[in-house]
Amino acid sequence: MVKHIILWTLKPEFSEEEKINIRKGIKESLEALKGKIPGLVDIKVNATSLLASSNADVMLDSTFENEEALKGYAKHPDHVAAADSKVRPYTAIRSCLDFEI
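Residues numbered from 1 in each chain as written. Predicted model: local features only at pLDDT ≥ 70, side-chain atom pairs only at ≥ 80, totals over all residues. Heavy atoms only, no water.

**Q** Would you explain a nonpolar patch on the surface in this entry?
**A** Together, Met-1, Val-41, Leu-97, Phe-99 and Ile-101 line one region of the surface with nonpolar side chains, adding up to about 460 Å² of accessible area. For Ile-101, the position within the fold is in the segment after strand S4 (91–100). The exposure class of Ile-101 is exposed, given its relative accessible area of 58%. (Patch = residues over 30% accessible without salt bridge, like charges linked within 9 Å, V, L, I, M, F, W, Y side chains within 5 Å. Areas by Shrake-Rupley, 256 points an atom, 1.4 Å probe, with all protein chains shown as cover. Salt bridge = Lys/Arg side-chain N within 4 Å of Asp/Glu carboxyl O. Helix = DSSP H or I, 4+ residues; strand = E, 2+ residues; numbered from the N terminus. Buried < 20%, exposed > 50% of the residue type's maximum accessible area, 1.4 Å probe, protein only.)

What follows is the structure, given as structure tokens:
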């Protein structure tokens, strides 16, 4: 099994109200991938209830059967569409941690 954790920081030009809607869109679009991508075991997005001590705006926590499944996810058309429409246009910083469990 492989964990794929992403932290995003949204672009600073967005208002707090806009950031709420952006976070919601990221969560809905990425969590909708569950059951659609081979080898994707679980996917959760934490985009609410952030504490003031946080220095990121959104966290993706996903689990894959293996590294090949993670590579397939990265290229899968549904993932690419979600990333291109709901994530990349709004994020300034992306940090990734992939590891075996």
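Moving on from the coordinates now.
**Q** It is not clear to me how the packing of aromatic side chains should be interpreted in this structure. Could you clarify?
**A** The geometry of two aromatic rings is summed up by the distance between their centres and the angle between their planes. As enumerated under the stated definition, the model contains 2 aromatic pairs in all. Judged by centre distance (5.7 Å) and plane angle (55°), the ring pair of Phe-14 and Tyr-90 falls under tilted. Highlighted residues: Phe-14 in the loop between strand S1 (2–10) and helix H1 (16–31) and Tyr-90 in the loop between helix H3 (77–87) and S4, separated in sequence by 76 residues. Look at Phe-14 and you get buried, because its relative accessible area is 17%. With a relative accessible area of 27%, Tyr-90 lands in the partly exposed category. Taken together, a centroid distance of 4.9 Å and an interplanar angle of 55° make the contact between Phe-64 and Tyr-73 tilted. Per residue, the accessibility class of Phe-64 equals that of Tyr-73, and both read buried. (Phe/Tyr/Trp six-rings, centres within 6.5 Å; stacked < 30°, edge-to-face > 60°.)

**Q** I tried to follow H1 on my own but got confused; where do I start?
**A** Residues that lie three or four places apart on an α-helix share one face, since the helix turns once every 3.6 residues. With 16 residues, H1 ought to run about 22 Å at 1.5 Å a step, and its terminal C-alpha atoms sit 22 Å apart, in line with that. Elements that come into contact with the buried residues of H1 comprise S1, strand S2 (40–46), strand S3 (58–64), helix H2 (67–75) and H3. (Expected span 1.5 Å × (residues − 1). Contact = heavy atoms within 4.5 Å.)

**Q** Hey, could you run me through the packing of H1 against H3 in this one?
**A** Relative orientation and spacing of two packed helices are given, respectively, by the angle between their axes and the distance between those axes. The interhelical angle for the contact between H1 and H3, taken along N-to-C directions, is 175°, at an axis separation of 10 Å. Comparing their axes, H3 and H1 come out roughly antiparallel. Together, Gly-25, Ile-26, Ser-29 and Leu-30 of H1 and His-79, Ala-82, Lys-86 and Val-87 of H3 make up the contact between the two elements. Here the residues of the contact of H1 with H3 sort into 4 nonpolar, 3 polar and 1 charged. (Axes fitted to C-alpha atoms, helices over the stretch in contact; angles between N-to-C directions. Parallel < 35°, antiparallel > 145°, perpendicular 65-115°, else oblique. Nonpolar A, V, L, I, M, F, W, Y, C, P; charged D, E, K, R; others polar.)

**Q** Honestly, the side chain of His-76 in this entry has me stumped. Any pointers?
**A** Mapping His-76 onto the fold places it in the loop between H2 and H3. Judged by relative accessible area, which is 18%, His-76 ranks as buried. If we ignore the near neighbours within four places in the chain, the residues touching His-76 are Lys-36, Ile-37 and Pro-38.

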